[in-house]
Amino acid sequence: MNDEETSIPQSVEFAAEAPVTGKVRLEAAWGSTEGDEDLTETTSQEPKADGHIFKQQYKPWNGELNPRWMRNWAILRHHLLGVFKKGHRPWGVPIRLYLLVVFVASLSDVGMTLVSGLIGDSGLHSVWGVSRDNLYAHVLGFFPRNMLYYPVVAALLVGGVISEDRQHGTSALYFSRPITRFDYVGMKFISVAMIQGLLILVTLALYYFAEIATMGRGWAWIIDTFPMFLATVFSALLLIFTYTSIGLSLSSVSKGKFFPGIALLSIILGTKVLAFIVSNLFDREILYLLSPYDCLAHVGQAIIGTQPTYDQYSWTWSLASLVAMNGIALYVLSTRVSSMEVTRE
Amino acid sequence: MSTKPDSIYRSLDRKASAIIEFTLRQYRTKKSTWVVLGVGFTALSLIFLIYIDVMASEFESIDNDGDSTDYDNDGYPRGQEIRLGTDPWDGESHPGLFDPPIEPDPKSMYINEDGFDWDVAVRIGEQSTGYDDDGDCMDSNKTASQKDTNDNGIPCDIIVEYYRMSDGELYVNIEADSGVDEDPDEDAYSREAIHLAFVLSIGKLGFVLLLGIFLPLFMATGLIRDEMNSGTMHFMLAKPIARSEVFLYRTLGYLGIVWPYVIVLGILGAVVSGFAGSGDSFFRFADLGVWLAIIFATMMATLVYGMLFNALGVLWKYGIILAIPFAAWELGMALLSMGAPDATLLRFSIIGWALMIIDAAAMLVWPNLDLFIVMGNWGGGGGSNWNFDTSLEGSGPLGFFSSKPGLGLSAFTAMIVSTLVLLFQAAIFWFIGGALFKSKEIQ
Amino acid sequence: MIPDFDQQGKAQTKEWVPEVSAPAILLENVSKSYGRIFALSNITLALNGGVTGVLGMNGAGKSTLFNLLMGKLKVSQGSVKLFGTDPWKNPAPYARVGFVPEHEKMYDWMTGHEFVSTFARLNGLTRDEAKSEANRVLEFVSLSDVAHKKIGQYSKGMRQRVKIAHALVNDPELIILDEPLQGCDPLARTTIMNVIRELGRMGRTVLVSSHILQEIERITEQIIILHQGRLLALGNLHSIRERLDKIPHRISIQTEDPKALAKDVIDIDEVFGISFPDGENLSIQTHNLGAIHSRLPQIIVENNHKVKTIDNPDDDLASILGYLTSGGGI
């Protein structure tokens, strides 16, 4: 991070410019290098007649706190690296396994593009290569991606991310540090979103580059398709944001570890199934406005530019519904976290 | 105090009722129970409300055979011109030139003017039915062979032919003389079809799939696992009671809250669809059979899933991670059972068997369901010489959500077989769960 | 097979017939290992009647022993018998056993009475029997006044007592208590100790674990000492004590002028060594702790020494264990 790491002065000042090293942060928290020479002593004023017992020693901390972003970065890093190695936030082995499976499975279109490019089969390529529909399907296709992959990943990730802290009492560890609750939740949010982004956005980018590499696409093609790609990225971000905010609000509401996960899945799949019944039977699509997945798909269709499958109302309604869902979820999340009792449950 | 003999059963019964009561009270104190039950109730109520709204509104009448249109702009609709023998394509030829001139009929006379008049039973072979209400076949100046385009010697009728395919299934074929029952009443057909499709779809997807999977996911996975994690399992296991008994009684306690809930929601659905549904009668009593099957199938599904998820919870701390992909698999199987009820894959699912109960009941209660779907798809055949999609609204969804019980069984056998299979599955999962629990070391 | 809703008739709590003359607890060469770590190794033990204290440091294997007895763990080697029956295979002997687990978590949403009576029914009691039995045992542990309050509102000591009540409800012949005194205030401690002593007087077999010697001492004289999964000592506390009295004890005194105090103390016959660990402390070595303690206060008061603390660092389980494990020599 900084090449001055080795030359930390003995009495370090915790200024904003101070390099981020584990040592400095430890000192910031515990004051481990300073001796007790400069203790300030406060004695109780008037000893009572029946004996005074206590003598209070209070040592003010003169250091300067690292900037806020640095502390937040530590939380974020702690959560993200936990996916890859030990010594950070332990995501369960099954969760990591599932992430890996989903990552590989999400690469199916990349693989098919590579294969079709190598064989040079234009028929195969027209099915699997980058196109408006395939870009849409990579992020917003229902089966299997939004049934088995992304919602399940989101459910597994949000499952314990706040409730586990409450259960194990580790939230007390966070809140005994100079960290605001807003930062705490924000970093949880970003880390969960980033792990999902790693799956969805990275595989999407790989897909796009696989096409460029195997088909030898030139600048003309890239300029042609890049807006479409950007639109897909945007709809993927929207999807990640929505799943994360709903999931985290559920996680903040519940004490259990599995309740938020199942609840997120049942919200995403349950509303989808109900809306499907209603639109199929009664030819009314209005219930799709309650289904996060369908709102995302509708907005995605509009901005990516594929054939819309929802035609009874404008996509702006779906967008408005998404904004409302996220608003409610974030409201619940913020009120719950700001009123959360930091106890072990 | 009376002195009844104190059999082993009686003392078992005491332990069972103690654990069941305890489990019920435990559920009652959990907030999540009420949230889950409340959300389920709200979601289904929302669907019921939409259903009521749809049933209360008028279905748009469509001129299925296109004879209300005045193609030659002479002021006379096509149907009237055909009936009176003028050329519907020639503006110079119309009944106004008759002597005395005939006034043009209103267009509405040629919409829904020839509805279904069918009276057929399910049996193999050809049957003749149908009646030409508007007379554009019978009373027109067509020749005898034009009146009998389906060639069965009866003018202006419809042949309904049941035949058995090599797979043993009965299929229906419709062949009509042109101009017979060609413009059916949408309001009558679609209202009925959508009602039937609603009962089937809400029963299959709403009850068996959503309630059947998500209630056990929320409520049964932790039945044993939560107690093991918190250490309270020690109290129960320090009593002279076998662990597989604890497993069973805990599951029964869970059913004690889930089954009444399913029954209440089922009765609500039966009442709503019974009163709001189509038909002339005040209440559709016949549908109660299907609703009973829906309630029963959902109860069986919650039983089997409850045993399974409880066992998964015993097996592993992260049992839910095994349960979630399984739930997704069952969702796929539910969709498969509607498209291909005979698929072998369905036999490896739970929901396939549960849905079979509903299909079988529908077959018993609505014996003419297949014919009804075929009728709707035929939709009057578009009159004599029109070639567009003539299916009536509602027949598509009804065809999608209904299916034959599969396995080539009769409705009654199918119901019994699937019930036995589900009970067997529940017993197997109880056995596995109990055995897992028994071999589990608890710290 | 109609459900017995009215639950009439007499409970058949003793339907299981134990082997005649089988001791309450019989362990033969019992070992329990987790991978390569032995939580218990080669324990042979038979108990019948009386109160027995199980002593051991944290991790000595007390809970493992109890979990083996309660059929929660499977033995790796050897055999465990409760009244002649293997509890891992058959839960029937629990009809005559009461168990108080050490876990703190309880059903906070139940009242004490509901808790006790619900679990009493798992012994095969009818609803009415369970209620009256619950009243009886709650009276026994003196919780009658709060019996109808939620367990969530109970103090630590009340929770321990309601756990004991739940274990006593089937009138068991063997009662196993895992750390019943942990975390209790002195008053609750005394109540619980009285309850346990009372059970012993009633002729029950009681097994109670603790890691504090003084606690056990106040309850019983018959003790088992576990250390690192091994059975270190078994028998009367007095005989173990007597052997302990022959080993040197230390008394450490924190005072303003240790040298002056040392001058006065050295005259006592039983003192055979004195040392000064630092400027404020004095350490006395003796074979007879009692004799020193009877003389010491007098010396301190007479010579007006300013003493801050007096401590017997050896008089705890750790040093006894240290003595026992080092082979018993001086």
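Quantities reported herein were computed from a predicted structural model and do not represent experimental measurements.

With 25 residues of chain A in contact, the opposing surface of chain B contributes 26 residues. Breaking the side of chain A that touches chain B down by element, the ones donating at least two residues are helix H7 (142-161) and helix H12 (259-282) of chain A. The leading source of residues in the side of chain A that touches chain B is H12(A), at 14 residues. Taken together, the residues of the side of chain A that touches chain B sort by class into 17 nonpolar, seven polar and one charged.

What follows is about the domain arrangement of chain B. Residues and elements named next belong to chain B. Each assigned domain of chain B is listed with its residue range as follows: domain 1 (11-60 + 186-438), domain 2 (78-110) and domain 3 (125-176). Here the C-alpha centre of domain 3 lies 40 Å away from the C-alpha centre of domain 1. Listed per partner, the contact involves seven residues of domain 1 and five residues of domain 3. Here the residues of the side of domain 1 that touches domain 3 sort into three nonpolar, two polar and two charged.

Turning our eyes to something else, we now look at the domain arrangement of chain C. Residues and elements named next belong to chain C. In terms of domains, chain C is made up of domain 1 (25-242) and domain 2 (246-325). Computed over C-alpha atoms, the centres of domain 1 and domain 2 are 38 Å apart. Listed as interface residues are nine residues of domain 1 and, on the opposing side, six residues of domain 2. Class assignment for the residues of the side of domain 1 that touches domain 2 results in seven nonpolar, two polar and no charged.

Our focus in this paragraph is helix H1 (residues 62-69) of chain C. Residues and elements named next belong to chain C. Counted residue by residue, H1 has eight buried out of eight residues, so it is predominantly covered. Along H1, the residues classified as buried are Lys62, Ser63, Thr64, Leu65, Phe66, Asn67, Leu68 and Leu69. One or two positions beyond H1, positive phi appears at Gly71, with a value near 70 degrees.

Turning our eyes to something else, we now look at the pairing of strand E3 (residues 50-55) of chain C. Residues and elements named next belong to chain C. Extensive coverage of E3 is indicated by the burial of five of its six residues. Here six bridges tie E3 to strand E7 (residues 205-210), and the two strands are oriented parallel to one another. For Gly53, the partnering residue across the bridge sits in E7 and is Val208. Across four bridges, the pairing between E3 and strand E8 (residues 222-227) is parallel.

Criteria and cut-off values
Residues numbered from 1 in each chain as written. Chains lettered and ligands numbered in written order. Predicted model: local features only at pLDDT ≥ 70, side-chain atom pairs only at ≥ 80, totals over all residues. Contact = placed C-beta atoms within 7 Å. Helix = DSSP H or I, 4+ residues; strand = E, 2+ residues; numbered from the N terminus. Nonpolar A, V, L, I, M, F, W, Y, C, P; charged D, E, K, R; others polar. Domains from an automatic or database assignment. Buried ≥ 20, exposed ≤ 12 C-beta atoms within 10 Å, placed from the backbone. Pairing = 2+ DSSP bridges.

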